[in-house]
Amino acid sequence: MQIKNSRFQLILLVYLVSLAIFTLTRTVLLVISWHDLGTLSASNLLEIYARGLLFDSAYCAYALILPTLYIWLFPARFWSARWHSYLAQLIGFVVLYQMLFVAVAEYLFWDEFKVRFNFIAIDYLIYRREVTDNIVQSYPVALIMGLLLVVCGAVFWWLRPIVMRALNCREPFGDRSLIAIVLLLVPLLAYLGLSQSLRQFSDNNYINELTGNGPYQFVAAFRNNELDYNHFYNTLSVAEADRLLREEVAEPNAAFLSSEPFDIRRDITVSGPERPLNVILVTIESLSSDFLGYFGNTKGLTPNLDRLVGDSLFFTNFYATGTRTTRGLEALALSIPPTPGRSIVKRLGRETDQWSLGQVLGDKGYQPYFVYGGRSYFENMGSFFQGNGYAVIDQSSVPSDQIHFANAWGMADEDLYQQAVNTADSEYAKQRPFLLHLMTTSNHRPYTYPDGRIDIASGSGRLGAVKYTDYAIGQFLQQARSKPWFRDTIFVFVADHQAGSAGKRTLPLERYHIPLWIYSPAHIKPQINSTLASQVDVAPTLLGLLNMSYRSCFFGRDILKSPARRALIANYQYLGLYDGQEMAILEPQKVASLQKIVNGVQLAEQSALRADPFLKRDISYYQGAAYVYRHRLNAWSQRNDLSVSGPLHAAVDGSSH
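Residues numbered from 1 in each chain as written. Predicted model: local features only at pLDDT ≥ 70, side-chain atom pairs only at ≥ 80, totals over all residues. Heavy atoms only, no water.

A. Quick peek at the packing of aromatic side chains. If you walk through the whole model with that rule in mind, you get 32 aromatic pairs. On the basis of an interplanar angle of 75° and a centroid distance of 5.4 Å, the ring pair of Phe55 and Tyr216 is categorised as edge-to-face. Separated by 161 residues along the polypeptide, Phe55 in helix 3 (residues 42-63) and Tyr216 in helix 12 (residues 214-223) bring together distant segments of the chain. Here Phe55 falls in the buried class, since its relative accessible area comes to 0%. Using a relative accessible area of 12% as the deciding quantity, one classes Tyr216 as buried. Here the aromatic cluster, defined as three or more aromatic residues joined through ring pairs, consists of Tyr70, Phe74, Phe78, Trp79 and Trp83. Above the ring of Trp79, the side-chain terminus of Arg7 is found at 4.2 Å from the ring centroid. A cation over an aromatic ring shows up here: Arg246 above the ring of Phe256, its NZ or CZ 4.9 Å from the ring centre. (Phe/Tyr/Trp six-rings, centres within 6.5 Å; stacked < 30°, edge-to-face > 60°. Helix = DSSP H or I, 4+ residues; strand = E, 2+ residues; numbered from the N terminus. Buried < 20%, exposed > 50% of the residue type's maximum accessible area, 1.4 Å probe, protein only. Lys NZ or Arg CZ within 6 Å of the ring centre and 35° of its normal.)

If you want it as structure tokens, here you go:
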């Protein structure tokens, strides 16, 4: 069995070229991230490349299954034909170009997210219009593609003699069969022997990401878009988890309606008349806390928002639940912890009829709206909000003469705010209170916005987009103050997530810290509030400010009246609970860890036993959220039906695992 006299030289050639490209990609990513890695020892580097080689080889083994079958079974009488030679060379050229293209794509993806391909990359393929426009507006695409073509041509010409030698080989079918069987066993071994846990060997998440293989992680992300909590994560007995969850969400003015497992529906009762104030909830794209002068930024990017701090109820110890827009919207609208995998917003067919802020206020006579700067089919936002009690206004529903500037992601923020003002005017004329939930888009690559607004040129980078975001908010509030509905409106400004998501730790706290303003001069006294909270607490806090009695299935609590003093933060696999001094983290494969926080610095994670009380609190939140979602205990249509849960569910999921 000699490869050098075999058709399978082509497989060996593709394998070696792939490994060379993957290794070069890993090296480039390592170099550009050197300042984030800290001190690396020789053993760290060796592990990065050794473990990385395993993932690179595994991807090659999977990717070469079809080529192996083709080379094995292609009839000998056609193998050396001229037409087949031309076809094989064309396929080889295309494959090489594709490998180089993926390497460049990995570089660009890492530049933005500091991770290998993951579920975000899958989303980018699904929403090609926005993503393609964004790439074209952000990078010199024609130049990059042209350079890739030149490099690909030079490399292929250098390798062509090996290709031609393989195409001229004549070997018996039996010899080919022996080699093919060996090659087809390799992906089976990779499937049985390689686990994602192999690349989670360091406390530094950058090192773990460098160990991975981009295309391999991309494929793995398909399997991780939604994870069954009970199968992958640590659990408690249903009785214990239910008890702990009830303790977490209980408030002095709340009465639970059922004793069935995880049925946290409860009546929130307040004294005194309701205050049916309008609510404008603005979710701001990627507004990191460290962009603000209040938190020490000296670049003067947010003068309007910094002034608003002194006029608002401003929360300084507030956290996003996730690192994606849909996670922020999910938490703000549904007040539910982030269940593992993709956001509920994107779970097609199961994203509607949830217990939402819009449904609760709609029951009180409000007209809820979701107002989005882009096209609401993106990330399934339109279906999610329409199916949960909101009317939707987006770029596609706005007349073109009302959009004065747009980029890949949608209309400029000032055009979005004008739609909000128009809608508020219309609802005020109907003498009906309204909820406007806005989602901005301007603070996003390619960072373009109308000229002449600020002193940073459009398209020059993130700092300009942040300053324009602040400018548009200032203009919006100035216009709103002249409106008759302004006095009786609560304005909420909060980020969907931070601008960056990567960090050395699995859940880097500094990548979740975001600002929150609640502003209503006639009704809310300005104050700095340092209570630890997260996005799931916004809806109950707003309803508290409106002095409303209501039925709730929310996991959050009113920050002002009965704060939980904890933050729920997660990414698509790691589920965290932070109490200011400690972080509990749940991971797939039923792994759990605890992390001490000293002066804001996260220490190394330590394995945790399930008996740890703080870890149990963490489990109760996420086990409970997964149960509630799975069994539709938070279905709005069943808010008055106490028979939705029952003994059957406890029997099905009642083991202690």
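B. The pairing of strand 18 (residues 591-598), seen in detail. Of the strand pairs in this sheet, strand 17 (residues 582-587) and strand 18 are connected by six bridges, and their pairing is antiparallel. Paired with Met583 across the two strands is Gln595, which belongs to strand 18. As consecutive antiparallel partners, strand 17 and strand 18 are separated by three residues, and within that stretch Gln589 has a phi angle of approximately 65°, a positive value. The sheet contact formed by strand 18 and strand 20 (residues 606-607) spans two bridges and is antiparallel. Opposite Ser593, over in strand 20, you have Ser607 as the bridge partner. Looking at chain direction, strand 18 and strand 19 (residues 601-602) are connected through two bridges and run antiparallel. By the bridge assignment for strand 19, Val598 is matched with Val601. (Pairing = 2+ DSSP bridges.)

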